[in-house]
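Results of the structural survey
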Amino acid sequence: CARSWSRAAPWPGWQCTATRRTAVGMCAALVLPVHAQVSDLNDAINKAGRQRMLSQRVGKAYLALGLQVQSAAATKVLDQSMALFDRQLTELKVFAPTAAIRETYAQLETQWSALKGVLVGSAPSAANAVKLLSLDATVLALANTGTSQLEQVHGKPTGKLVNIAGRQRMLSQRMAKFYMALAWGVEAATATSELAKARTEFAQALEILRNAPEATAEIHQELALADAQWVLFGAAISAKPSTGNAA
């Protein structure tokens, strides 16, 4: 999605720390491969869960652009994430197996359109960042509703595990997003609270996945990798962010 605005040079005196650069790029590794269409309920739950993640990933990229942190990478992440959200939304609307799920995705389409209105068209600003945090919360809630509805239709333990694993992707992006919000000084109290909440939920979900009887040896290998990444990412977001003077 092309944008009509151009980014100015970094603000005088602004220093991009290694921690903020880590928050921009580190959790991208948790994104799973994308298929061309929804193949079955497990795939639908996976893609529905990825919509939750993307709702937070676009916010993270927007805030990174506002902070002038790895602007080229953030622009790529934002463009690709918006395109993927659009494509998967179309796929999920077509696949939706019940009227209630179709209605959820119709509402999601409306709210996603409102969020895109903030993401594109003008350079990032602190005022629009506040709007973004409100709008992406609504998009996240609807994406989560759709995922839960699909899990209920699935009705099997594996569907729940796919949902939890997908939620981990969302939480990693959500933590990075709120860390960026703190660095910009946007909604600091809310960002502090939500960052701590997401961190706790992420750690708890890792335990659920690790102890799930359905977990295979391959899943346990992936969880071991996730544990290692979590140690690094957790250390990065534990550092106190320095705030900048946003436009």
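Everything that follows concerns the structure shown earlier in this document.
Every value quoted in this text rests on a predicted model; they were computed, and no experiment measured them. (Residues numbered from 1 in each chain as written. Predicted model: local features only at pLDDT ≥ 70, side-chain atom pairs only at ≥ 80, totals over all residues. Heavy atoms only, no water.)

1. Things to note about the environment of A196
- Note that A196 resides in helix α7 (residues 188-211).
- On the basis of relative accessible area, A196 is assigned to the partly exposed category, the value being 42%.
- C-alpha separation for the pair A196 and S238, spaced 42 residues apart in sequence, amounts to 9.8 Å. (Helix = DSSP H or I, 4+ residues; strand = E, 2+ residues; numbered from the N terminus. Buried < 20%, exposed > 50% of the residue type's maximum accessible area, 1.4 Å probe, protein only.)

2. Concerning the pattern of salt bridges
- The full count for this structure, using the stated rule, is eight salt bridges.
- A salt bridge links K47 to D43; the shortest N-O distance between them is 4.0 Å. With K47 and D43 both in helix α2 (residues 41-66) and four residues apart, this pair spans about one turn of that helix. Across this residue pair, the class does not change: K47 and D43 are buried.
- With its nearest N and O atoms 3.0 Å apart, the salt bridge here joins K177 to D136. Linking K177 in helix α6 (residues 157-184) with D136 in helix α5 (residues 126-154), this pair joins segments that are 41 residues apart in sequence. (Salt bridge = Lys/Arg side-chain N within 4 Å of Asp/Glu carboxyl O.)

3. Regarding α7
- The terminal C-alpha atoms of α7, which comprises 24 residues, lie 35 Å apart, in line with the 34 Å expected from a rise of 1.5 Å per residue.
- Among the residues of α7, A191, L195, A198, F202, A205, L206 and L209 are the ones counted as buried. (Expected span 1.5 Å × (residues − 1).)

4. What about the side chain of Q149?
- Within the secondary structure layout, Q149 lies in helix α5.
- Aside from chain neighbours lying at most four places away, what touches Q149 is A100, I101 and T104. (Contact = heavy atoms within 4.5 Å.)

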